[in-house]
Amino acid sequence: MLTIFFLLMAIVFGLVFFTGGGKPEPKLGIDLQGGTRVTLTARTPDGSAPAKDQLDKAKQIIEQRVNGLGVGGSEVITDGNNLVITVPGTDGRQARSLGQTARLYVRPVETVQAAAPQQPVTPPADQTAAQAIAAAKALRQAPAGDAAANQAAVAKLTPQLAKTDCSTRATDPLQGNDDPSQYLVACSQDGTQVYLLGPQIIDGRDIADASATTSSQGGAWIVNVEFRNRAKDFWPQYTGANIGKQTAFTLDSRVVSAPQIQGAINTPSTEISGNFNQSGAKDLANVLKYGSLPLSFSSSDAETVSATLGLASLRAGLIAGAIGLIAVLAYALLYYRMLGFLTMLSLIVAGLMVYGIMVLLGRYIGFTLDLSGIAGLIIGIGMTADSFVVYFERIKDEMREGRSFRSAVPRGWVRARRTVWSGNAVSFIAAAAIYFLAIGEVRGFAFTLGLTTILDLVVVFLVTHPLVALASRSTFLSKPSVNGLGAVTDVAKERRQAAADAASLQKETV
């Protein structure tokens, strides 16, 4: 059992130090390290104010993107027609990327050419938002109809490709609001190519799941997309009928990827490739997974937000926790002696395992540790100590009945483990209920409480019990003066002597 636990610990810390590339430290929440704030301003196709239900829906989707598991420690609030996003740390890129409309469409490529470098064109000062949108539509879109109309639309828009300035597309008022039923002139994300695309053939709302991974060919980062509904059956049919043609994946009116169909894809999934790094692929998968926003947003510059509580509060809390832990260990050593020493070892390895898992959770699911999460950890570690007490007292009960330390350990364990299972099951159910019903920092508290509850079982079963079992086989550690069970042994002797005296008296009477 000990071997299994230390193998698990080696795996955890191997991942901590040799993967991810980050510092071996947990991510801290806004209340402990501060954060970065970005304001997203809503834009509508006609330039009017956004509807409240649309803004609320956008807020809900962004909250899922930034805090999908509820433990990211980020905040999203509504301020008029704006959404204000605050994320832990100093990386404003993450907050700005959350405002992507994420309107993903799959469109056939009619033609493509290199984008010509041009000078940015400044619109007249009196041009309204509605006029700017109308001008963008006139330049970039044409209605789709029958075959003849489609050919005419392609012929009409093809000359516009040379006039499209990809260097200024970031400020395009139409970005994210294009009509998917019309032809589209769109730039690649890096601005080096410009495409004429046909009407959409698959809507991003038909995406069931999205995940970032590395390609088996070359190791580049890609996004795996799994389709559902009509797209699930349509995609294999379309790829089989259009081998050799290019198909573009557009996100917010930009071409993310435009691969050539090499053969029929007989699965309801596909890959989106591009010049992705790890964070870019994960960001795209995240926004596609939780759906597109009902509005288009422009983002402000990122601004730094100071910590609401600060590292001083963190240090004070950790000092208080350390004092409490030392007091518990001192009491355990005085009362249980050798068993108290085993308690100390078990709590140390439990703390190390918790630390390593906190680091990995921060890297892979965005978990941030705030004061409420620290409270959950402290309570969970206290429950671990309770499990030790239950086990040790069961051993003492067996020894009071006259058994030796060695024979009392396995019998006490059989009785104790049921109580440990029951107590931890109640705690885990409570933590799970809080996690699913609560919001904000309370979810972080419930998450860490549930995590430490699971680790309590792991430590008690894989560390504490094996250590006590090993100690019971040692002649030195089995001595009552060493293991702290001398008083229990004396009680057992007195009971045996009283039983012997009673038997002798009864014999004499007879």
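Residues numbered from 1 in each chain as written. Predicted model: local features only at pLDDT ≥ 70, side-chain atom pairs only at ≥ 80, totals over all residues. Heavy atoms only, no water.

(A) Summary view of the overall build of the chain. A tally of helices and strands in the chain yields 15 helices and 15 strands. Considering the chain as a whole, with its 510 residues, one finds that 43% of them fall into the buried category. If you take every contact in the chain between residues at least 6 apart in sequence, the share linking residues at least 24 apart comes to 76%. (Helix = DSSP H or I, 4+ residues; strand = E, 2+ residues; numbered from the N terminus. Buried < 20%, exposed > 50% of the residue type's maximum accessible area, 1.4 Å probe, protein only. Contact = heavy atoms within 4.5 Å.)

(B) A look at the environment of Ala153. Here Ala153 lies in helix α6 (residues 147-157). Once the C-alpha coordinates of Ala153 and Tyr183 are considered, the two residues, 30 residues apart in sequence, prove to be 7.6 Å apart.

(C) View of the sheet that holds strand β13 (residues 269-273). The sheet built from 3 strands is open, its strands ordered β9-β10-β13 with antiparallel pairing. Because the sheet does not close on itself, it has two edges, and the strands there are β9 (207-214) and β13. Shown here is a sheet whose adjacent strand axes are inclined to one another by a mean of 25°, direction ignored. As judged from the 7 bridges shared by β9 and strand β10 (residues 221-227), these two strands associate in the antiparallel manner. By the bridge assignment for β10, Thr214 is matched with Trp221. Contacts between helix α8 (residues 278-289) and the sheet are confined to β9, β10 and β13, with β9 contributing the most and set at about 170° to the helix. (Pairing = 2+ DSSP bridges. Axes fitted to C-alpha atoms, helices over the stretch in contact; angles between N-to-C directions.)

(D) Structural detail: the packing of aromatic side chains. Using the criterion set out here, one finds 16 aromatic pairs in the structure. Taking the centre distance of 6.3 Å and the plane angle of 20° together, the rings of Trp235 and Tyr238 count as stacked. Taken together, the residues Trp235 and Tyr238, both in helix α7 (residues 229-241) and 3 residues apart, mark about one turn of the helix. The positively charged end of Arg230 is found above the aromatic ring belonging to Phe234, 4.7 Å away from the centroid. In this arrangement the basic side chain of Arg443 is found over the ring face of Tyr435, its NZ or CZ atom lying 4.1 Å from the centre. (Phe/Tyr/Trp six-rings, centres within 6.5 Å; stacked < 30°, edge-to-face > 60°. Lys NZ or Arg CZ within 6 Å of the ring centre and 35° of its normal.)

(E) Structural view of the layout of surface pockets. Of the pockets and cavities examined, the second largest pocket occupies roughly 920 Å³. Taken together, 35 residues form the lining of the second largest pocket, with Leu325, Gly351, Leu377, Ile378 and Ile381 sitting closest to its centre. For the lining of the second largest pocket, the secondary-structure elements that each account for two or more residues are α9 (310-336), α10 (338-364) and α11 (371-400). The greatest single-element share of the lining of the second largest pocket, amounting to 12 residues, is contributed by α9. For the lining of the second largest pocket, the class distribution of residues is 27 nonpolar, 6 polar and 2 charged. (1 Å grid on protein atoms, 1.4 Å probe; cavity = no way out; pocket = protein on both sides within 12 Å on 5 of 7 lines; lining within 4 Å. Points joined across faces, edges and corners; volume = space filled by probe spheres on them. Nonpolar A, V, L, I, M, F, W, Y, C, P; charged D, E, K, R; others polar.)

(F) Just the confidence of the model for the chain, in detail. In the predicted model, the chain carries a mean pLDDT of 79, and 79% of its residues have values of at least 70. For residues 119-126, every residue scores under 50 in pLDDT, and the model assigns this stretch 6 contacts once sequence neighbours within four places are set aside. (pLDDT = per-residue confidence, 0-100.)

(G) Expanded view of the pairing of strand β12 (residues 254-257). By the bridge criterion, 2 bridges tie strand β6 (residues 182-188) to β12 in an arrangement that is parallel. When the bridges of β12 are listed, Ser188 appears paired with Val255. Examined bridge by bridge, strand β11 (residues 247-251) and β12 share 3 bridges and lie antiparallel to one another. In the sheet register, Phe249 faces β12, and the bridge partner there is Ser257. Linking β11 to β12, which pair antiparallel, is a turn of 2 residues; within it Asp252 sits at a positive phi near 55°.

(H) Just the nonpolar core, in detail. Residues Phe5, Leu339, Met358, Tyr391, Ile395 and Val468 are the most contacted members of the largest nonpolar core, which totals 48 residues. Among the elements that make up this core, the one with the highest residue count is α10 (13 residues). (Core = buried A, V, L, I, M, F, W, Y, C linked by side-chain atoms within 4.5 Å.)

(I) Representation of the pairing of strand β7 (residues 193-197) within the structure. Burial of β7 is extensive: 4 of the 5 residues sit out of reach of the surface. Alignment of strand β4 (residues 104-114) against β7, held across 5 bridges, turns out to be antiparallel. Across the sheet, the residue bridging to Gln113 is Val194, located in β7. Note: β6 against β7, 4 bridges, orientation antiparallel. Looking across to β7, one finds that Ala186 is bridged to Tyr195. In textbook terms, the turn of a hairpin is the stretch between consecutive antiparallel strands, and for β6 and β7 this stretch comprises 4 residues, one of which, Gly191, has a positive phi near 75°.

(J) Molecular detail of helix α13 (residues 441-472). Over its 32 residues, α13 extends 44 Å from the first C-alpha to the last, a length consistent with the 46 Å expected when each residue adds 1.5 Å. Along α13, the helix axis deviates most sharply at Val460, where the bend reaches about 40°. (Expected span 1.5 Å × (residues − 1). Bend = angle between axes of the 7 residues up to and from the residue.)

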